[in-house]
Amino acid sequence: MNVPTDLERAIVRTLIWFSLTDHPVSAHEIYKWMLEPEHKYEMGQVVRALDVSEYLNQKIQRDQGMYALKGQLPISKMVRGRRRRFIDAERKFKTLRRWSLFFRLLPGVRAVAAGNTLAWWGTNSESDIDLFLVTEPGTIWSGRFWSVLPFALLGRRPHTGKSDPFCLSFFATTDALQMEGLCLERDRYMAYWIKSLVPVMDKDGCLDKLQQENRWVETF
């Protein structure tokens, strides 16, 4: 068998990453989230490799424009699961949008973003609404108190039995947005987490600053 090209290996690495959550991906998503290629590839190169590569054909299953590794669940089942998770995430985002005005009123809170499985539109009925909040320096504890309080009073925190609980799981201040020091060795999870955050509210470009200060994620 021919030695696989860097592009073929990068496509397989990307599918291995998404296989951790049984998440089939489209050709565009493989292109967008490609893991550790030697250099940037064009979308057309990715599509062609998926269509004609014998190496990839031996390792990949496909259905309805989605791709996954062979040896997992049948991809038709994964595609149905992804569709269900997307519908659940859409419902959660509608709930989150209704709360966006509340976050704008909080003193000291400068930005809010959805993260984790919600950012990937991959939630289920038991998933939390996971949020990342940015506060002004010196207000992180008061910002956390006031942002958590209404959800606690309404019983909408995790492990309360209510649907769509709010988990305000990660706080940072505007002067401490560089995350590399928090990483494990070769921390692909943190890189994907930063790049996938979905803005809910951003008063003064904090989330853009977050991306600029974490350019190290591009190495992944």
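The structure contained in this document is the topic of the report that follows. (Residues numbered from 1 in each chain as written. Predicted model: local features only at pLDDT ≥ 70, side-chain atom pairs only at ≥ 80, totals over all residues. Heavy atoms only, no water.)

### Overview of the nonpolar core
- Formed by 41 residues in total, the largest nonpolar core has its most connected members in I11, I30, L50, F132 and W216.
- Sorting elements by how many residues they give to this core places helix α1 (residues 6-19) first, with six residues.
- Not counting residues within four places of it along the chain, the set of residues in contact with I30 comprises I11, T14, L15, V25, V46, L50 and Y67.
- Core analysis: the next-biggest nonpolar cluster, separate from the first, contains 19 residues, L96, W99, V112 and F171 among them. (Core = buried A, V, L, I, M, F, W, Y, C linked by side-chain atoms within 4.5 Å. Buried < 20%, exposed > 50% of the residue type's maximum accessible area, 1.4 Å probe, protein only. Helix = DSSP H or I, 4+ residues; strand = E, 2+ residues; numbered from the N terminus. Contact = heavy atoms within 4.5 Å.)

### Some details on unusual backbone geometry
- The residue W121 is not glycine, and still its phi comes out positive at about 50 degrees.
- Here W121 lies in the loop between α6 (116-119) and β5 (129-135).
- For W121, a relative accessible area of 30% corresponds to the partly exposed category.
- With phi around 50 degrees, R186 is a residue other than glycine that occupies positive phi space.
- Structurally, R186 is set in the loop between β6 (166-173) and α8 (188-196).

### Digging into the side chain of D6
- Checked against the element boundaries, D6 lands in helix α1.
- For the buried D6, no salt bridge exists, and the shortest N-O distance to an oppositely charged side chain is 4.1 Å, to R13.
- Residues contacting D6, with those up to four places away along its chain left out, are R13, P37, E38, H39 and Y41. (Lys, Arg positive; Asp, Glu negative; His and termini not counted. Salt bridge = Lys/Arg side-chain N within 4 Å of Asp/Glu carboxyl O.)

### Thoughts on the sheet that holds strand β3 (residues 66-69)
- Here three strands make up an open sheet; going across it, the order is β1-β3-β2 and the pairing antiparallel. Edge positions in the open sheet fall to β1 (25-26) and β2 (60-63), since each of these has one partner strand only.
- In this sheet, β3 lies alongside β2 in antiparallel orientation, the contact comprising four bridges. For Q61, the partnering residue across the bridge sits in β3 and is A68. (Pairing = 2+ DSSP bridges.)

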